[in-house]
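Architecture and fold: a report
If you want the building blocks of each chain, they are given just below.
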Amino acid sequence: MVEQEDSYDFRPVTERDLPMIARWLAEPHIAEWWDDPEREIAEIRGHIGSVSVEPLIVELDGRPIAYLQSYDPHLEDDHPYADQPFGTLGIDLSIGPPDLVGIGHGSAIVRQFVEALFEEGAPRVIIDPHPDNGRAIRAYEKAGFRPIGRRQSQYGDVVLMAVDAAEADTNEGD
């Protein structure tokens, strides 16, 4: 299980990380939810140095354990989430090593990253798991997200989930 003192580091993806990410994308717990690994790696490669998408490696004690990307839906033409409040950022997370899935890292990583986004001024953060991905939905709910709607887009069928900075501030006083 994840310990309270666990803290994650987030660093930009480099070209050297792509083979590792490709291996992660081939793992059954990730392959079920992502598209063709070659196409996904090409997209991630294209996001290195991007303005609209920030691809990151999540590390725990110096060990890469997950791929996380943050994106601004307002910087992409016709993005299906551009109807969200200005300044909203979206995130996606995939934990790579199968032995680290289901023990609390997902919600802990998301919670820590979202707190940093709020500190940088984001008013809302969204995430869009597939409706059948119950494990991810539960993890995101533990991190403070709530469903705000179901959507069909080029990303498929999703449950759009959000957490607002104002909610996070309110919950801190509890």
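For the structure, check the block above.
These lines cover the structure that appears in this document, whether it is placed above or below. Worth saying up front: this structure is predicted, and the values here are computed from it rather than measured. (Residues numbered from 1 in each chain as written. Predicted model: local features only at pLDDT ≥ 70, side-chain atom pairs only at ≥ 80, totals over all residues. Heavy atoms only, no water.)

In the structure shown here, the tally under the stated rule is eight salt bridges. Two residues, Arg 11 and Glu 59, come together in a salt bridge whose shortest N-O distance is 2.7 Å. Of this pair, Arg 11 sits in strand S1 (residues 8-12) while Glu 59 sits in strand S2 (residues 53-60), and the two are 48 residues apart along the sequence. What makes Glu 59 buried here is its relative accessible area of 16%. (Salt bridge = Lys/Arg side-chain N within 4 Å of Asp/Glu carboxyl O. Helix = DSSP H or I, 4+ residues; strand = E, 2+ residues; numbered from the N terminus. Buried < 20%, exposed > 50% of the residue type's maximum accessible area, 1.4 Å probe, protein only.)

With respect to the helices and strands, the residue Pro 123 is situated in the loop between helix H4 (105-119) and strand S5 (124-127). Placed 41 residues apart in sequence, Pro 123 and Asp 164 show a C-alpha to C-alpha distance of 5.8 Å. Beyond its immediate stretch of four places on either side in the chain, Pro 123 contacts Phe 86, Gly 87, Thr 88, Phe 118, Val 163, Asp 164 and Ala 165. (Contact = heavy atoms within 4.5 Å.)

Among the nonpolar cores identified, the biggest contains 33 residues, and Ile 91, Tyr 140 and Phe 145 are the most heavily contacted of them. Those elements that place two or more of their residues in this core are S2, strand S3 (63-71), strand S4 (89-95), H4, S5, helix H5 (134-142) and strand S7 (156-164). With seven residues, the top contributor of residues to this core is H4. Core analysis: the second largest hydrophobic core is formed by 12 residues, Val 13, Leu 25, Trp 34 and Tyr 67 among them. (Core = buried A, V, L, I, M, F, W, Y, C linked by side-chain atoms within 4.5 Å.)

Another aspect to go through is the side chain of Thr 88. The topology assignment puts Thr 88 in the loop between S3 and S4. Relative accessible area serves as the criterion here: at 0%, Thr 88 is assigned to the buried category. Polar side-chain contacts of Thr 88 include one of 2.6 Å to the backbone oxygen of Pro 85. Beyond its immediate chain neighbours, meaning those up to four positions away, Thr 88 contacts Tyr 71, Asp 72, Pro 73, His 74, Pro 123, Arg 124 and Ile 126. (Polar contact = N/O pair within 3.5 Å; in protein donor to acceptor, adjacent residues only side chain to side chain.)

Right, let's talk about empty space enclosed by the protein for a bit. Under the criterion given, the structure shown has one cavity of 30 Å³ or more. The wall of the largest cavity is formed by Ile 21, Trp 24, Leu 25, Ile 30, Trp 34, Ile 44, Tyr 67 and Ser 94. In terms of residue count, the dominant contributor to the lining of the largest cavity is helix H1 (residues 18-26) (three residues). For the lining of the largest cavity, the per-class residue count stands at seven nonpolar, one polar and no charged. (1 Å grid on protein atoms, 1.4 Å probe; cavity = no way out; pocket = protein on both sides within 12 Å on 5 of 7 lines; lining within 4 Å. Points joined across faces, edges and corners; volume = space filled by probe spheres on them. Nonpolar A, V, L, I, M, F, W, Y, C, P; charged D, E, K, R; others polar.)

It is worth spelling out helix H3 (residues 37-47) at this point. All buried positions along H3 are accounted for by Glu 40, Ile 41, Ile 44 and His 47. In a view along the axis of H3, the buried residues occupy a sector of 120 degrees, so they form one face of it. Relative to its buried face, H3 has exposed residues pointing more than 90 degrees away, namely Glu 38 and Gly 46. (Arc of directions from axis to C-beta.)

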